[in-house]
Amino acid sequence: DNSNYTVSIDLIPAAPVTPISTFGIAPTARNVEAAFLLSYSARHTRRAYASDLRDWFAFCDAVGVDPLAASRAHVDAWARSLAEIDGRTPATVARKLSAASGFFRYALNEDVIGRNPVAAVRRPKVGSDTQSTGLDRDELASLISAARNDGLRTHALVLLLAFNGLRISEALDADASDLDVERGHRVLRITRKGGKKSTIPLAPRTSEALDAYLSARTTGPLFSTSTGARLDQPAVWRTLRRLATTAVPAKATSLHPHDLRHAFVTLSLDAGASLRDVQDAAGHADPRTTRRYDRARYNLDRHPTYALAGLID
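Computed from a prediction, not measured in an experiment: that's the story for all the values here.

(A) Spotlight on the packing of helix H3 (residues 43-63) against helix H4 (residues 72-85). The N-to-C vectors of H3 and H4 enclose an angle of 110°; their axes lie 11 Å apart at closest approach. Accordingly, the angle class assigned to the pair H3 and H4 is roughly perpendicular. Crossing of H3 over H4 shows right-handed handedness. Residues Asp-52, Asp-55, Trp-56, Phe-59 and Val-63 of H3 pack against His-74, Val-75, Ala-77, Trp-78 and Ser-81 of H4.

Structure representation (structure tokens):
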């Protein structure tokens, strides 16, 4: 129970923190965190790692240990706390452990600590199927209809997220000047996760919606506020939840931008697009990530037994 959990944490010894010349003084966890985050050029990557490290630092504060002096036992206890007390999913726990491991790996490389306490920690197995159902065909059509009625900006943004499967950061970081024409295709140049540049084609519906929204504007953020500032993610979340109240009421309190990305992958595969093409379009480094969304793989009609039986006389 929680009381035994607290007592057991108090008994875990802390490792010494070794100061290094790189920082000039005995480094603090916050010093190392700042340097670690600066090593990533992508803003959304820094933001995601900072969020996960906040949880790690909060746990260390709660049990009275310097994050840099934590042992493997502390990390194991944190992972157990995330899963059993906070109710986090295996995928979330694995992601947070990955962020902490990156932080400690950086500290180890800079000679701040002697070993990475996360290195040998058993990470939860993430299932082969995504836990999110995204949106089905009818739900996505209903959401797009609601977006069209909501306004030009909302319509253009929802079409871009739904028909191109962009991460919300990829869409919001783009500028109007990133729109172009290449080999007869209307395209948008975006920056993928990890800073990789990519050129994506736009369906005619998406291109027309963007043109209507931009109204010949060619500078500034692709999606902006009434003051000209770049539209931010919280505003998009609020808009989608508002649309969902009438378009998909069952998801009015849970719909988020990534659901449109899930819908893009799932429905593209359902429509017969190849796994490789969908992987490339989504910017997945590993085809197994894309494969998790292929609901049709459970379709018995596709089982190769029928193809083989028909081939052999």
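From this point, the discussion proceeds with the structure in view.
(B) Fine view of empty space enclosed by the protein. In this structure the tally under the stated criterion is 1 cavity of 30 Å³ or more. Listing elements by their share of the lining of the largest cavity, those giving two or more residues are helix H7 (152-164) and helix H10 (233-247). In terms of residue count, H7 provides more of the lining of the largest cavity than any other element does, 5 residues in total.

(C) View of unusual backbone geometry. A positive phi angle, near 65°, is found at Asp-111, a position not held by glycine. Checked against the element boundaries, Asp-111 lands in the loop between helix H5 (90-109) and helix H6 (137-150). On the accessibility criterion, Asp-111 (52% relative accessible area) is exposed. Non-glycine residue Ala-216 carries a positive phi angle of around 75°. Here Ala-216 shows up in the loop between helix H9 (204-214) and H10.

Calculation notes
Residues numbered from 1 in each chain as written. Predicted model: local features only at pLDDT ≥ 70, side-chain atom pairs only at ≥ 80, totals over all residues. Heavy atoms only, no water. Axes fitted to C-alpha atoms, helices over the stretch in contact; angles between N-to-C directions. Helix = DSSP H or I, 4+ residues; strand = E, 2+ residues; numbered from the N terminus. Parallel < 35°, antiparallel > 145°, perpendicular 65-115°, else oblique. Left-handed = near helix turned anticlockwise from the far one by under 90°. Contact = heavy atoms within 4.5 Å. 1 Å grid on protein atoms, 1.4 Å probe; cavity = no way out; pocket = protein on both sides within 12 Å on 5 of 7 lines; lining within 4 Å. Points joined across faces, edges and corners; volume = space filled by probe spheres on them. Buried < 20%, exposed > 50% of the residue type's maximum accessible area, 1.4 Å probe, protein only.

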